[in-house]
Amino acid sequence: ASAASPSVSASSRAAARRGRAAAASADAASSGSAPFASPGALASSSVSHSDSVAPASSSVSTSSAGPAAAAAPAAPDPAQMDPVSASVPAAPRDETAEPPPAPPSSSSIAISAQIGLPFPPEFVLDPTGRVPTEKAQWRRESDNSDGSASVGSRWRSADGAGQCASFPFLGAARAPQSRAVRSAKASDVSRRLPIAHALASLHAVGVDEEKANFFASHPNEISGVFHAFHQLLRFELGIHNEVNDKGAGWWRCDKSAFLDLQSVYGADETETEAVRVHDATDVCKTGSIDVDTVVRRAAIATRLSSDLGGKGSATAAQALLTMFARNHNELAKRVASAATDSPIDADVVFQTARHANCAAFRAVVLKDYLPFMKTGQHLGDVPGTIAEESTNETRLYGACVSVELDLLMRAVASVAPREDVLIENGSENLSHVAEALAGASGRRCGLGARRSVPKRMVPSETAAVRRARAAGACTLNEFRLAHGLPRWANFDEMTAGEEVLSKTLSDLYGGDVDDVELYTGFLCEANVVDPGACLTATARETVGKMIGALVSGDAFFRESFLGNDDMSVASFAAGADLGKDATLAGLLEKHAGVTVTGVSAFEVGALAIAKTEEEGDGSA
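Since we're looking at a predicted model, the values are computed, not measured.

### Focus on the nonpolar core
- Counting 116 residues, the largest nonpolar core has Phe 324, Leu 437 and Leu 588 as its most contacted members.
- Top contributing element to this core by residue count: helix H12 (residues 346-375), with 12 residues.
- By size, the runner-up hydrophobic cluster in this structure holds 13 residues, among which are Ala 136, Leu 170, Ala 175 and Cys 400.

### Quick look at the packing of helix H11 (residues 310-338) against helix H23 (residues 584-591)
- Between H11 and H23, whose axes approach to 9 Å, the crossing angle comes to 80°. One way to sum up the angle between H11 and H23 is to call them roughly perpendicular. Touching Leu 320, Met 323, Phe 324, Arg 326, Asn 327 and Glu 330 of H11 are Leu 584, Leu 587, Leu 588, Lys 590 and His 591, all from H23.
- Along the lines of polarity and charge, the residues of the contact of H11 with H23 split into six nonpolar, two polar and three charged.

### Focus: the packing of helix H5 (residues 224-236) against helix H13 (residues 403-412)
- H13 packs onto H5 with a crossing angle of 160° between their chain directions and a minimal axis gap of 10 Å. If you check the angle between H5 and H13, you find them roughly antiparallel. The two elements H5 and H13 meet at a crossing, and its hand is left-handed. For the pair H5 and H13, the contacting residues are His 230, Leu 233 and Arg 234 in the first and Met 409, Arg 410 and Val 412 in the second.
- Of the residues in the contact of H5 with H13, the class split is three nonpolar, one polar and two charged.

### A short note on helix H20 (residues 537-552)
- In this model H20 runs 24 Å from its N-terminal to its C-terminal C-alpha over 16 residues, within 8% of the 22 Å that 1.5 Å per residue would give.
- Considering bend angle alone, the principal kink of H20 is centred on Val 543 and spans about 30°.
- Within H20 the residues assigned to the buried category are Ala 537, Thr 538, Ala 539, Arg 540, Thr 542, Val 543, Met 546, Ile 547, Ala 549, Leu 550, Val 551 and Ser 552.

### Brief notes about helix H18 (residues 499-508)
- By the burial criterion, the buried members of H18 are Leu 501, Ser 502, Thr 504, Leu 505, Ser 506 and Leu 508.
- Looking at the buried positions of H18, the neighbouring elements they touch are helix H4 (196-205), helix H17 (491-494) and helix H19 (518-524).
- Downstream of H18 by one or two residues, Gly 510 has phi in the positive range, about 60°.

What counts and how
Residues numbered from 1 in each chain as written. Predicted model: local features only at pLDDT ≥ 70, side-chain atom pairs only at ≥ 80, totals over all residues. Heavy atoms only, no water. Core = buried A, V, L, I, M, F, W, Y, C linked by side-chain atoms within 4.5 Å. Buried < 20%, exposed > 50% of the residue type's maximum accessible area, 1.4 Å probe, protein only. Helix = DSSP H or I, 4+ residues; strand = E, 2+ residues; numbered from the N terminus. Axes fitted to C-alpha atoms, helices over the stretch in contact; angles between N-to-C directions. Parallel < 35°, antiparallel > 145°, perpendicular 65-115°, else oblique. Contact = heavy atoms within 4.5 Å. Nonpolar A, V, L, I, M, F, W, Y, C, P; charged D, E, K, R; others polar. Left-handed = near helix turned anticlockwise from the far one by under 90°. Expected span 1.5 Å × (residues − 1). Bend = angle between axes of the 7 residues up to and from the residue.

Here's what the structure looks like:
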């Protein structure tokens with residue numbers, strides 16, 4: 001529970017949520033939306049066939065259901081048809097560099113389940129699909145170097161390069177994504193797949209055309225502020241839809257894999273310098289940034305407006321970005337006021353405040369966002385660093401966003417509230433920030449699954465399916481095995497008995513549940529009843545691990561780095577100490593002009609526009 005709230009209140013609220021979620025599951029089933037499965041039911045399912053876990057390439061049992069009784073999604077126009085269709089074998093690929101995977105051992109599954117993402121990855125993406133990591137070539141756009149000089153440097157590089165000594169480009173802005181899970185299915189040239197547009201229509205429209213744009217309200221009181229933060233995190237990792245849908249750049253991220261707030265500071269030295277304020281006459285501005293410049297350059301309200309959640313989530317995400325930009329300037333003042341050197345080194349102040357702000361963003365992810373997603377609760381504290389023993393001993397420093405994480409975060413974004421247009425927030429104006437967040441707080445999220453995706457997203461969904469295929473993404477069952485989860489034995493188990501959907505998927509995938517692609521699986525599995533976001537089954541069990549892997553790979557938050565006796569890194573430790581105590585509620589009240597009136601800032605109606613000093617409290 002939140003440190004600021006009594007545990008009894010938090011527990012009673014959680015119990016109430018469970019009751020609402022259970023009641024909503026029956027309503028959702030009767031209304032045709034995705035069904036629910038309880039965590040206990042899934043655990044029982046795991047036990048029932050845990051001994052049958054086998055390599056993804058082995059023969060497995062499939063659903064005995066016959067052809068779907070309901071018609072599959074209508075065939076698309078020829079101009080929209082994907083080269084890989086249900087009637088045409090998948091195009092052969094050159095897999096000479098990728099031998100068939102060996103059956104996963106229990107130890108390899110355990111390691112993968114522990115760290116979420118293997119690092120360094122075997123393969124990274126490129127315009128042709130993917131290449132072995134050691135053969136990838138990458139040059140910085142700014143200085144034409146490979147980022148090696150950043151390894152062991154005092155400050156974070158602006159683009160994030162250099163944390164992995166063996167592969168300095170991994171995790172950097174504009175560097176390629178990785179592919180985390182090897183796939184035997186992706187190498188099978190005889191495999192037949194559904195038309196991408198047909199799957200996109202299933203994601204966005206469902207199996208009943210009459211229920212296009214059907215909106216299933218979330219059973220728990222989760223507001224649009226949660227979705228806005230999720231969208232900000234996607235933007236921060238460079239995997240929002242605008243990047244993914246633009247064609248040529250589908251295989252790389254435009255920001256780093258680290259929670260280093262490149263949305264605020266920029267993704268290269270030129271962008272970083274553009275937001276800094278250099279005013280030697282005003283000590284209060286030492287090491288500060290121009291918040292208005294940050295907001296205009298990021299342009300989240302515009303760039304995310306066509307994404308899930310529409311303008312409402314986009315403006316709220318931009319308001320949250322503004323909050324973190326303003327937090328930098330407060331931190332810079334605190335660092336400058338504590339400085340003993342004269343004159344004060346503006347670069348040291350800026351970099352220390354930047355590091356502290358990154359620590360604050362990381363703290364919100366670990367204390368607020370991830371716990372609330374799964375349990376509806378918040379953590380009172382997180383360690384300032386990630387202990388070395390918390391990850392695989394052989395793992396190198398560094399991290400890399402994978403195509404699997406990209407697809408997972410996209411699927412989670414389907415919890416978007418109903419798309420209403422809210423205030424346009426184009427500057428740091430505090431009243432606009434407060435209005436955008438208060439408006440988002442009043443909007444209830446939807447249930448994250450298929451059909452929660454609006455029909456207008458069909459072209460984007462089609463692009464996502466094609467992108468995953470080009471990357472050689474694994475299947476849903478291969479992904480589950482890699483994360484220590486039992487494979488689904490059939491479509492009925494996967495969908496928790498939703499008959500029409502089960503038969504539709506069986507028809508699309510020729511009766512083989514092991515052929516279900518990862519992104520389609522994320523959207524079509526049953527939702528799990530819990531006090532949190534009620535994500536679909538596999539997403540719920542893996543999103544925290546995968547985000548945690550990025551955090552634990554950041555060398556600037558490792559004990560071996562912060563504990564170094566070299567005084568040159570003392571400012572990093574100071575920055576971590578300044579930022580680690582941050583909470584979302586505290587940052588909102590300090591920098592966003594809102595008051596948090598509920599137990600959680602993510603609850604419906606929890607944010608109210610704060611009164612100004614002129615307004616007073618009405619007591620007079």
